[in-house]
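Chain by chain, the residues run as shown.
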Amino acid sequence: MAGSSAPSRDRIVAGAADMISRRGLNATSIRDLAKHAKAPLGSTYHYFPEGKRQLATEAVQYAGEAVARLLRRELDAGPVAGLRAFLSLWRGIVVESDFRAGCPVLAVSVEEPPADEVPPALVAAAEAFEDWERLLTGALRKHGAEHDRAPGLAALIVASVEGAIAMSRAKRSMRPLDQVAQQLEALIDDALTRRA
C-alpha cells in the first residue's frame, strides 16, 4: 500500500485504512498506523494533529469514497455490473491479504464505541454505507426496479456483501461471497424484470 518515497498524507490515510481493515480500530495505535504506512510518527502527527481519531476518520472516509467512485463508474452499466464490481473489489482485498483484510468501514462499525460518545469514524462509516446504498438505489430505480423496493434492496446488497466479507475471512474461503453474489444477482434480476 505504501511506496518508498517520502510519506504523503494520502499514503498515510490509505495505510491507515488498510491497517484498520486488518485489526480494527480499537486494536490499532497511531504508532501502528504510522508504521504500517511506513511514515515517521512525527509526520503522522504533523498531518493529523488530532491524532488517531482524525486519522481513523479520514481513513474510513477514504475507503468509503473509493468504493463510491467504483460504484458510480460501474453502475451506469446497471445494478448487476455495479454489484459485480463491488464484489470483485472485496474479493481482491480479501484474497490478496490472505484473508487478513476486509472492509475498514465495517471494521469501525462493529467495534464498541466509547461510552456516551459517537466517534467521528463511526459517523463516517454510517455516511459511507448511506452513500453506497444511495448509489445502488438510484441505479436500481434507473434500470427498472420499483421505486419503493429499491432502497430495501440496496440496503440488502450492502449488508449482504459486508457480512459475506466477514464470513469469508472467518472461514478462509470465498464461498460465502460467491453464494451471496449468486443470490443477490437473482434478486436484482427479479426486481428489474417484475417491472418490465
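## Let's talk about the layout of surface pockets
By volume, the second largest pocket is sized at about 220 Å³. Leu25, Asn26, Pro114, Pro119 and Ala121 are, among the 16 residues lining the second largest pocket, the residues nearest its centre. Put simply, the parts of the chain that give the lining of the second largest pocket at least two residues each are helix H4 (52-75) and helix H7 (120-142). If one sorts the elements of the lining of the second largest pocket by residue count, H4 sits on top with four residues.

## Examining the environment of alanine 16
Looking at the element boundaries, alanine 16 is found in helix H1 (residues 9-23). The class of alanine 16 is buried, set by a relative accessible area of 0%. Taking the C-alpha atoms as reference points, alanine 16 and tyrosine 62, 46 residues apart in sequence, are found 9.7 Å from one another.

## Brief notes about unusual backbone geometry
Here the phi dihedral of lysine 38 falls at roughly 55°; this positive angle occurs in a residue that is not glycine. With a phi angle near 70°, phenylalanine 99 is a residue other than glycine that sits in the positive phi range.

## A closer look at H7
Across its 23 residues, H7 extends 33 Å between first and last C-alpha, which sits within 8% of the 33 Å expected from 1.5 Å per residue. For H7, every residue scored as buried is listed here: Ala121, Ala124, Ala125, Ala128, Phe129, Asp131, Trp132, Leu135, Leu136, Thr137, Ala139 and Leu140. Remark: glycine 144 follows H7 within two positions and exhibits a positive phi of approximately 115°.

## Here we look at the pattern of salt bridges
As enumerated under the stated definition, the model contains 12 salt bridges in all. One salt bridge in this structure joins lysine 142 and aspartate 76, with 4.0 Å as the shortest N-O distance. Of this pair, lysine 142 sits in helix H7 while aspartate 76 sits in the loop between H4 and helix H5 (79-96), placing them 66 residues apart in sequence. Neither residue differs from the other here; lysine 142 and aspartate 76 are each classed as exposed. Residue aspartate 98 pairs with arginine 100 through a salt bridge whose shortest N-O separation is 3.2 Å. For aspartate 98, a relative accessible area of 35% corresponds to the partly exposed category. Several salt bridges share partner residues, and in doing so they unite Asp98, Arg100 and Arg172 into one network.

## Considerations on the packing of aromatic side chains
What describes a pair of aromatic rings is the distance from one ring centre to the other and the angle between the planes of the rings. A full pass over the atoms with the stated rule returns four aromatic pairs. Measuring from ring centre to ring centre gives 6.5 Å for phenylalanine 86 and tryptophan 90, while their planes differ by 75°; the resulting arrangement is edge-to-face. Taken together, the residues span about one helical turn, with phenylalanine 86 and tryptophan 90 both in helix H5 at a distance of four residues. Residues phenylalanine 86 and tryptophan 90 agree in their burial class; the two are buried. Ring pairs connect the aromatic residues Phe86, Trp90, Phe129 and Trp132, which therefore count as one cluster.

## Some thoughts on the side chain of serine 168
Structurally, serine 168 can be placed in helix H8 (residues 150-171). Overall, serine 168 belongs to the buried group, its relative accessible area being 1%. The residues touching serine 168, leaving out its near neighbours within four places in the chain, are Phe99, Ser173, Met174, Pro176 and Leu177.

## Description of the side chain of threonine 57
Within the secondary structure, threonine 57 sits in helix H4. Polar side-chain contacts of threonine 57 include one of 2.8 Å to the backbone oxygen of arginine 53. Beyond its immediate chain neighbours, meaning those up to four positions away, threonine 57 contacts Pro120, Ala121 and Ala124.

Basis of the calculations
Residues numbered from 1 in each chain as written. Predicted model: local features only at pLDDT ≥ 70, side-chain atom pairs only at ≥ 80, totals over all residues. Heavy atoms only, no water. 1 Å grid on protein atoms, 1.4 Å probe; cavity = no way out; pocket = protein on both sides within 12 Å on 5 of 7 lines; lining within 4 Å. Points joined across faces, edges and corners; volume = space filled by probe spheres on them. Helix = DSSP H or I, 4+ residues; strand = E, 2+ residues; numbered from the N terminus. Buried < 20%, exposed > 50% of the residue type's maximum accessible area, 1.4 Å probe, protein only. Expected span 1.5 Å × (residues − 1). Salt bridge = Lys/Arg side-chain N within 4 Å of Asp/Glu carboxyl O. Phe/Tyr/Trp six-rings, centres within 6.5 Å; stacked < 30°, edge-to-face > 60°. Contact = heavy atoms within 4.5 Å. Polar contact = N/O pair within 3.5 Å; in protein donor to acceptor, adjacent residues only side chain to side chain.

Bear in mind that shape data such as this cannot, by itself, settle questions of function.
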